[in-house]
Amino acid sequence: MAKRFHIKDEIRILGIDDSALISDTVTIVGAFFRGGLWLDGVLRSEITRDGLDATDRIIKMICQSKHFPQIRAIMLDGITYGGFNPVDIVCLNKETNIPVIVLMRSLPNLEAMESALSFLPDKEKRLEIIKKAGTISKVITKDESNPVFIQCCGIKPEFATRIVQISSTRSNIPEPLRVAHLIATGIILGESRGKA
């Protein structure tokens, strides 16, 4: 059931991204924002590269945070972290009772994903988690010629679109995700690099 709520400009959003894949343990970082303007906190955890623990680790990171009661939306940079460690957004929404928005720069190529997953154990389980994320919607943020794409759970697509637009203050990518990416890559590589 989608949560109904009033979306304020300073809605509390937790954006989560992963670091560079340089070992079997991958750092994930959560940037806790008020809208797209103020960073109020940073969370950190670790997942297994190409594992199946991303969902559980993210749930634990969120539920143990002092920010947990204030988070109104969780934003993920794609559906997989640490290579092909998929996040079950239905489970994440159910366990936290917080709406989940998955953001992508481009439409995913499911055929290419299936091909890549054939080299990993539990291919069917991974595919099931990825497909569970549901319908993909196009969202225009800062640049009409460069849309982003979202999937969501626990929130109607029109509300998720509004949250993405409110928090995309400096680029097409919402600030919670952009900053989570900068922090995650900076911690592991010594300097931020790549696109969120």
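Reference entry: report on the structure contained in this document. None of the values given here were measured: they were computed from a predicted structure. (Residues numbered from 1 in each chain as written. Predicted model: local features only at pLDDT ≥ 70, side-chain atom pairs only at ≥ 80, totals over all residues. Heavy atoms only, no water.)

## As for the side chain of Thr185
(1) Moving on: As for its position among the elements, Thr185 is in helix 6 (residues 175-189).
(2) Moving on: From its side chain, Thr185 meets the backbone oxygen of His181 in a polar contact 2.9 Å long.
(3) Moving on: Non-local contacts of Thr185, meaning those with residues more than four positions away in its chain, are made with Gly190, Glu191, Ser192 and Arg193. (Helix = DSSP H or I, 4+ residues; strand = E, 2+ residues; numbered from the N terminus. Polar contact = N/O pair within 3.5 Å; in protein donor to acceptor, adjacent residues only side chain to side chain. Contact = heavy atoms within 4.5 Å.)

## Focus on unusual backbone geometry
(1) Moving on: Its identity as a non-glycine residue notwithstanding, Asn97 has a phi of 60°, on the positive side.
(2) Moving on: Mapping Asn97 onto the fold places it in the loop between helix 2 (89-96) and strand 7 (100-104).
(3) Moving on: Take Asn97: its relative accessible area is 53%, and that puts it in the exposed class. (Buried < 20%, exposed > 50% of the residue type's maximum accessible area, 1.4 Å probe, protein only.)

## Brief notes about the state of the cysteines
(1) Moving on: Inspection of every chain in the model, using the stated rule, returns zero disulfides.
(2) Moving on: No disulfide involves Cys152; its sulfur sits 7.9 Å from the nearest other cysteine sulfur, which is in Cys153.
(3) Moving on: Using a relative accessible area of 18% as the deciding quantity, one classes Cys152 as buried. (Disulfide = S-S within 2.5 Å.)

## Brief notes about the environment of Asp40
(1) Moving on: With respect to the element layout, Asp40 can be found in strand 3 (residues 38-48).
(2) Moving on: Judged by its relative accessible area of 31%, Asp40 falls in the partly exposed class.
(3) Moving on: The sequence separation of Asp40 and Ala116 amounts to 76 residues, and the corresponding C-alpha distance is 37 Å.
(4) Moving on: For Asp40, the residues in contact, after removing those within four places along its chain, are Phe32, Arg34 and His67.
(5) Moving on: Among the polar contacts listed, one links the side chain of Asp40 to the side chain of Arg34, at a separation of 2.7 Å.

## Here we look at the pattern of salt bridges
Oppositely charged side chains can form a pair if their charged atoms are brought close together.
(1) Moving on: Within this structure, the stated rule accounts for six salt bridges.
(2) Moving on: A salt bridge links Glu10 to Arg34; its shortest N-O distance comes to 3.5 Å. One end of the pair, Glu10, is in the segment before strand 1 (12-18); the other, Arg34, is in strand 2 (residues 25-34), with 24 residues separating them in the sequence.
(3) Moving on: The partly exposed category is assigned to Glu10, whose relative accessible area is 34%.
(4) Moving on: Classification of Arg34 by relative accessible area gives partly exposed; the value is 21%.
(5) Moving on: Two residues, Arg170 and Glu175, come together in a salt bridge whose shortest N-O distance is 3.7 Å.
(6) Moving on: Members of the salt-bridge network, linked through shared partners, are Glu10, Arg34 and Asp40. (Salt bridge = Lys/Arg side-chain N within 4 Å of Asp/Glu carboxyl O.)

## Quick word on the nonpolar core
(1) Moving on: One finds Ile16, Ile62, Ile74, Leu76, Ile89 and Leu92 to be the most contacted residues of the largest nonpolar core, which totals 32 residues.
(2) Moving on: With five residues, helix 1 (residues 54-63) is the largest single contributor of residues to this core.
(3) Moving on: Not counting residues within four places of it along the chain, the set of residues in contact with Ile74 comprises Leu14, Ile16, Ile62, Leu92, Thr96, Ile98, Pro99, Val100 and Ile101.
(4) Moving on: One finds Ile7, Ile11, Ile101 and Ala160 within the second-largest nonpolar core, a separate group that totals 18 residues. (Core = buried A, V, L, I, M, F, W, Y, C linked by side-chain atoms within 4.5 Å.)

## Description of helix 4 (residues 123-132)
(1) Moving on: All of the buried residues along helix 4 are Arg126, Leu127, Ile129 and Ile130. One side of helix 4 carries all its buried residues, which in axial view fall inside an arc of 160°. Away from the buried face of helix 4 by more than 90 degrees, exposed residues Glu124 and Glu128 are located.
(2) Moving on: On its buried side, helix 4 packs onto strand 5 (80-81), strand 6 (85-86) and helix 3 (110-117).
(3) Moving on: In the segment just after helix 4, Gly134 is the residue with positive phi, at about 85°. (Arc of directions from axis to C-beta.)

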